[in-house]
Amino acid sequence: MNKIIQFHKIGQSHRFAGAGFGSNISIALNIINNLSTDDTVYIDMETVPCVCTEENFDRFNTSNCWEYYYDQISLPKGAEIISSLKTDFNKPNFDYRDVNLSDYSNLQYKFNKSFKLKDYIKEELELYYNNVLEGKQTLGVHIRLTDMAHHNNLYYNNKNPLDSYINKIKSILLENPNINQIFIATDDSKVLPIIEKSFNIPVVYHNLYRATNEKNHINPYERYEDGREFHKYQMGLECIKEIYTLSKCNYFLKAPVSAISNTAVYLSTSINRLYKL
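Residues numbered from 1 in each chain as written. Predicted model: local features only at pLDDT ≥ 70, side-chain atom pairs only at ≥ 80, totals over all residues. Heavy atoms only, no water.

Caption draft 1: The overall build of the protein chain, seen in detail. When helices and strands are tallied, the protein chain shows nine helices and 10 strands. By residue count, 55% of the 277 residues in the protein chain fall in the buried class. The long-range share in the protein chain, meaning contacts at least 24 apart out of those at least 6 apart in sequence, stands at 70%. A total of about 13,200 Å² of accessible surface is found on the protein chain, and carbon and sulfur atoms cover 46% of it. (Helix = DSSP H or I, 4+ residues; strand = E, 2+ residues; numbered from the N terminus. Buried < 20%, exposed > 50% of the residue type's maximum accessible area, 1.4 Å probe, protein only. Contact = heavy atoms within 4.5 Å. Areas by Shrake-Rupley, 256 points an atom, 1.4 Å probe, with all protein chains shown as cover.)

Following this line, the structure appears as structure tokens:
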């Protein structure tokens, strides 16, 4: 049967439906996990605009920002509508704060049945994989700082978050001397040179929009507001790049609380060892 997952605002003060794009993918996965393998799903991010929705943006001939990145079926008539706020779907199977490495093949089947990455994204990801990751044992590390570390330092045991990451990476490398390189996904550009200086193996990452000294993104809406052309669309694209590249790494040190980390685990068939701070 056809189902529609329709995104809504989490609260009246929110500027858009859902949350960040990584969280929106995670919400969709949680709902899909509770559906039948016979179901086909349509994502509606048009009825209520979401974080990546652009005005006057006709590149993909759609006002549904999910379709900037994924191909899906046409909007089905008469299908059951499931709200993104449906809490009994969002809670039972995935613990947002304690995602583990498991067999997610059934979930992946159901997700991939309904959605296909658009060719332009798939081609870019394949090119990056072939040039940077293929044939190399890679430790993926997701360093989630900015507003999360500032407002919720308890997730880092009230210690310096970056020091915690560096110490954990050192421990992982000692345990796995076969690791050739480190792939970093992060929301803070300031950590990249520090990580590069801390290790004697290559550190690789995507070149994308991140917090800087001048714009530190302590306010979560600060990253949402930027003068970059089609910034909201580009934020979603960059989020997808980091999720899918992390999912291709052999080892993964996840952020304590992050939908990007979690979604990379859900979608991966490559991660052999999962580490936590």
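Caption draft 2: Focus on the layout of surface pockets. Put simply, the second largest pocket is a space of about 490 Å³. Taken together, 21 residues line the second largest pocket, and the ones lying closest to its centre are Leu-117, Lys-122, Leu-125, Tyr-244 and Lys-248. Of all the secondary structure elements, the ones that give two or more residues to the lining of the second largest pocket are helix H3 (105–114), strand S5 (116–117), helix H4 (119–133) and helix H8 (231–247). With seven residues, H4 is the largest single contributor of residues to the lining of the second largest pocket. (1 Å grid on protein atoms, 1.4 Å probe; cavity = no way out; pocket = protein on both sides within 12 Å on 5 of 7 lines; lining within 4 Å. Points joined across faces, edges and corners; volume = space filled by probe spheres on them.)

Caption draft 3: Here's a closer look at the sheet that holds strand S2 (residues 40–44). The strand order across the open sheet built from three strands is S2-S1-S4, with neighbouring strands paired in parallel fashion. Where the open sheet ends on each side, the last strands, each with one partner, are S2 and strand S4 (80–83). Direction aside, the axes of adjacent strands within the sheet are offset by 30° on average. Across the sheet, helix H1 (residues 21–33) lies against strand S1 (2–6), S2 and S4, angled at about 145° from S1, the strand it touches most. (Pairing = 2+ DSSP bridges. Axes fitted to C-alpha atoms, helices over the stretch in contact; angles between N-to-C directions.)

Caption draft 4: Inspection of the nonpolar core at higher detail. If you look at the biggest cluster of nonpolar residues, it comprises 59 residues, and the most contacted ones within it are Phe-21, Tyr-69, Tyr-70 and Phe-111. It is H8 that provides the largest number of residues to this core, a total of eight residues. Other than its neighbours up to four places away in sequence, Tyr-69 contacts Phe-21, Cys-52, Lys-116, Leu-117, Lys-118, Tyr-120, Ile-121, Lys-232, Tyr-233, Gly-236, Leu-237 and Ile-240. The next biggest cluster of nonpolar side chains, apart from the first, holds 23 residues, and it includes Leu-145, Ile-182, Ala-255 and Tyr-275. (Core = buried A, V, L, I, M, F, W, Y, C linked by side-chain atoms within 4.5 Å.)

Caption draft 5: Broad picture of unusual backbone geometry. The phi torsion at Asn-61 lies on the positive side, around 55°, for a residue other than glycine. Its location among the elements puts Asn-61 in the loop between S2 and strand S3 (70–71). A positive phi angle, near 50°, is found at Phe-230, a position not held by glycine. Topologically, Phe-230 is positioned in the loop between strand S8 (203–204) and H8.

Caption draft 6: Geometry of the pattern of salt bridges. Within the structure shown, the criterion is met by nine salt bridges. The closest approach of N and O atoms between Arg-144 and Asp-187, which form a salt bridge, is 2.8 Å. Within this pair, whereas Arg-144 is found in the loop between strand S6 (138–143) and helix H5 (146–151), its partner Asp-187 is found in the loop between strand S7 (181–186) and helix H7 (191–198), the two being separated by 43 residues in sequence. The class of Asp-187 is buried, set by a relative accessible area of 13%. For the salt bridge of Glu-242 with Arg-210, the shortest nitrogen-to-oxygen distance reads 3.2 Å. One end of the pair, Glu-242, is in helix H8; the other, Arg-210, is in the loop between S8 and H8, and 32 residues separate them in sequence. On the basis of relative accessible area, Glu-242 is assigned to the buried category, the value being 5%. (Salt bridge = Lys/Arg side-chain N within 4 Å of Asp/Glu carboxyl O.)

Caption draft 7: Local environment of the pairing of S6. Within S6, six of the six residues are buried, which leaves it mostly tucked inside the rest of the structure. Residues Thr-138, Gly-140 and His-142 line one face of S6 and the alternating positions Leu-139, Val-141 and Ile-143 line the opposite face, and both faces are buried. As paired strands, S6 and strand S9 (residues 251–253) are joined by three bridges and run parallel to one another. Looking at S9, one finds that Val-141 is bridged to Leu-253.

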